[in-house]
Amino acid sequence: MLDTVLAALQEGALRRQGPLPAGGPEAVAARVRRALGTALPEQGIGAHPALHSLVTTVAEGAADPADPLCAAHLHCPPLAVATAADLAASALNPSMDSWDQAPAASALEALVTRALAAEVHPAADALVTTGATEANQLAVLLARELRPGPVQVVCGANAHHSLHRAAWLLGQPPPLTVPTPDGTLRPEALGAALAGLDGHPNLLAAATAGTTDAGLIDPLDALADTAARHGARLHIDAAYGGALLFSARHRGLLTGLDRAHTTALDLHKLGWQPVAAGLLTSRDPAELAALDHRADYLNADDDTEAGLPDLLGRSLRTTRRPDILKIAVTLRALGREGLGALTDHVCAQARELARLVAAHPRFTLCAEPALSTVLFRPTGIEDRTLAAVRRDLLGAGHAVLGRARHGGRLWLKATLLNPHTQPGDLAALLKLVEGNLP
């Protein structure tokens, strides 16, 4: 069956012939309907035909992050070693909600999460999450449980939308959003917002290390000073930029990260893991006890007293995949140097693309990239035309570029996460955009 899957992946990629299927949503949906037939047939067709037809169709209709011209989102091409480890996780199928369902996987998770959390702060621990959306929700939940009164989140306009959803989901007041005209949260602006809430018993300041739109990093150390002065907890969403911890060259950009009470990290971005591979770190592991929960069939008191590890407080989820396995295999296979080199390489690619844009007479560069995201736009066209150019590239299947609004204007967004991208691929990307201009 693995041979069938690999052959189907190759056949689908050959049919697609690019980073995205041509024809747009209707054409893709039509191909899926033809391949699927009846979604729940009375009688099955067998493993090999089912695998071949549907894997081929999904591969043909995929946005392929391994294609150098697929550069819209924080959507990485997963490492082969991590993908292989994920297969083992699926085959063994441990459930990370009780020790007797995941004896070795639970021990592995405890070791690896502590090691990764120590990259942020020597005393920290971490929980495995599905990504920063869950991690940000947990950060708000911990703030609610550890201090009296409703949590007032204070964040920049550059913050991830999941902070607003977390406050809504947990029944907390809407976050106070501070303007970020240059794309980063400034300490003086945060300070003014917190001063206006003087006397509030439960303030949570949220900073970002790697914004979704432009990959910008807030001044973390100065924001930590500001939060401390006003008695606010500090949460840092480092889902994108957290991988700079592996890089000796770029680690300094995260100065101040260790001062956060909680931090969100995603290794399915810069980390090259199959989805999902997120973490929430807590500087004080004792605070994680707020998530403790009892269910007699999973963590009975006498079992815990007898030495069986209690896993139920390690997540808001019950049944949970052993996502730590692919992470652990990757860390052991590549080490800090290997992951740091990949991170340095994609950041260098972003600087090269920025250089090509700046030298091109028909394009305008927004700013030098802070991470691996480059914002640019064709010179002299309206936002409406730019949006149409992007959709034309998507519809033809030629290139996958994102969009971002910055400084009151719409920009094309190239997010470079593919370590195999070459300078010629970057030049080809600009040529495709130029070729679609009016």
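For the structure itself, consult the block above.
Counting starts from 1 at the beginning of each chain's written sequence and moves along it residue by residue. Only residues with pLDDT of at least 70 get local features here, since the model is predicted, and only at 80 or more are side-chain atom pairs given and counted; chain-wide, interface and lining totals rely on the full set of residues. Calculated side-chain values reflect all of the structure's heavy atoms, with hydrogen atoms and water omitted.

Caption draft 1: Seen up close, the overall build of the protein. When you go through the protein residue by residue, the secondary structure sums to 14 helices and 12 strands. The principal-axis extent of the C-alpha atoms belonging to the protein is close to 60 × 60 × 40 Å. Restricting the contact set of the protein to residue pairs at least 6 apart, pairs at least 24 apart contribute 72%. Surface exposure here means Shrake-Rupley accessible area, sampled with a 1.4 Å probe, where a residue is shielded only by the protein chains that are shown. When the accessible surface of the protein is totalled, it reaches about 19600 Å², and 58% of it is carbon and sulfur. Counted as positive: Lys and Arg. Counted as negative: Asp and Glu. His and the chain ends are not counted at all. Each charge is placed at NZ for Lys, CZ for Arg, CG for Asp and CD for Glu. In the protein, 37 positive and 44 negative side-chain charges are present, and the distance between their average locations comes to 8 Å. Here a strand is any run of E in DSSP of at least two residues, a helix any run of H or I of at least four, and the numbering for each starts at the N terminus. We call two residues contacting when some pair of their heavy atoms lies within 4.5 Å.

Caption draft 2: Structural detail: the sheet that holds strand E6 (residues 233-238). Strands are treated as partners if at least two bridges between them are detected by DSSP. If you walk across this open sheet you meet the 7 strands as E2-E8-E7-E6-E5-E3-E4, and the pairing is mixed. Each edge of the sheet is formed by a strand with only one pairing partner; in this case those strands are strand E2 (125-129) and strand E4 (176-178). Direction aside, the axes of adjacent strands within the sheet are offset by 20° on average. Relative to strand E7 (residues 262-266), E6 runs parallel, the two sharing 4 bridges. Note on geometry: axes are lines fitted to C-alpha atoms, helical ones only across the stretch in contact, with angles between N-to-C directions running from 0 to 180 degrees.

Caption draft 3: Geometry of the packing of helix H1 (residues 2-16) against helix H3 (residues 47-60). Where H1 meets H3, the axes come as close as 7 Å, and the angle between the chain directions of the two elements is 35°. Between H1 and H3 the crossing geometry is right-handed. Every residue of H3 that contacts H1 at Thr4, Val5, Ala8, Leu9, Glu11, Gly12, Ala13, Arg15 and Arg16 is listed here: His48, Leu51, His52, Val55, Thr56, Ala59 and Glu60. In this count, Pro and Cys sit with the nonpolar residues alongside Ala, Val, Leu, Ile, Met, Phe, Trp and Tyr, while Asp, Glu, Lys and Arg are called charged and the others, Gly among them, polar. Partitioned by chemical class, the residues of the contact of H1 with H3 number 7 nonpolar, 5 polar and 4 charged. In this scheme, a crossing is called left-handed if the near helix is turned counterclockwise away from the far one by less than a right angle; it is called right-handed if the turn is clockwise.

Caption draft 4: Representation of the environment of threonine 330 within the structure. Among the secondary structure elements, threonine 330 is positioned in helix H12 (residues 324-359). Excluding anything up to four places from it in sequence, threonine 330 contacts Leu79, Val81, Ala82, Gln273, Gly335 and Leu339.

Caption draft 5: Structural context of the nonpolar core. If you look at the biggest cluster of nonpolar residues, it comprises 53 residues, and the most contacted ones within it are Leu220, Leu234, Ile236, Leu254, Leu257 and Trp272. Counting residues per element, the ones that place at least two in this core are helix H5 (103-120), E2, helix H8 (187-195), strand E5 (203-208), helix H9 (220-229), E6 and H12. With 7 residues, the single largest contributor to this core is H12. Setting aside residues no more than four positions away along its own chain, leucine 257 makes contact with Val120, Leu220, Ile236, Ala238, Leu245 and Thr263. Listed in part, the 27 residues of the second largest apolar core include Ala350, Leu356, Val389 and Val433. For our purposes a nonpolar core is just a set of buried Ala, Val, Leu, Ile, Met, Phe, Trp, Tyr and Cys residues, chained together by side-chain atoms within 4.5 Å. Buried residues are those whose accessible area, probed at 1.4 Å on protein chains only, stays under 20% of the maximum for their type, while exposed residues exceed 50% and partly exposed ones sit between those limits.

Caption draft 6: The side chain of arginine 390, seen in detail. Within the secondary structure layout, arginine 390 lies in helix H13 (residues 383-396). What counts as a salt bridge is simple: a side-chain nitrogen of Lys or Arg found within 4 Å of a carboxyl oxygen of Asp or Glu. Within the buried core, arginine 390 has no salt-bridge partner, and the shortest N-O distance to an opposite charge, that of aspartate 392, equals 10 Å. Once you skip the residues sitting within four places of it in the chain, arginine 390 turns out to touch Leu401, Gly402, Arg403 and Leu412.

Caption draft 7: Representation of the packing of H8 against H9 in the model. For the pair H8 and H9, the least separation of the axes is 9 Å and the interaxial angle reads 15°. When the interaxial angle is binned, H8 and H9 end up roughly parallel. H8 and H9 meet at a crossing whose hand is right-handed. Where H8 abuts H9, its residues Pro187, Leu190, Gly191 and Leu194 lie against Ala222, Leu223, Thr226 and Ala227. Residues of the contact of H8 with H9, tallied by class, amount to 6 nonpolar, 2 polar and no charged. Reported orientations rely on four angle classes, namely roughly parallel under 35 degrees, roughly antiparallel over 145, roughly perpendicular from 65 to 115, and oblique for the rest.

Caption draft 8: Summary view of the side chain of threonine 226. Mapping threonine 226 onto the fold places it in helix H9. We classify threonine 226 as buried; its relative accessible area is 1%. N or O atoms closer than or at 3.5 Å make up a polar contact, with two conditions inside protein: a donor-capable atom paired with an acceptor-capable one, and, for residues adjacent in sequence, both atoms drawn from side chains. Here the side chain of threonine 226 touches alanine 222 through a polar contact of 3.0 Å, landing on its backbone oxygen.

Without other data, these values stay purely geometric and don't point to any function.
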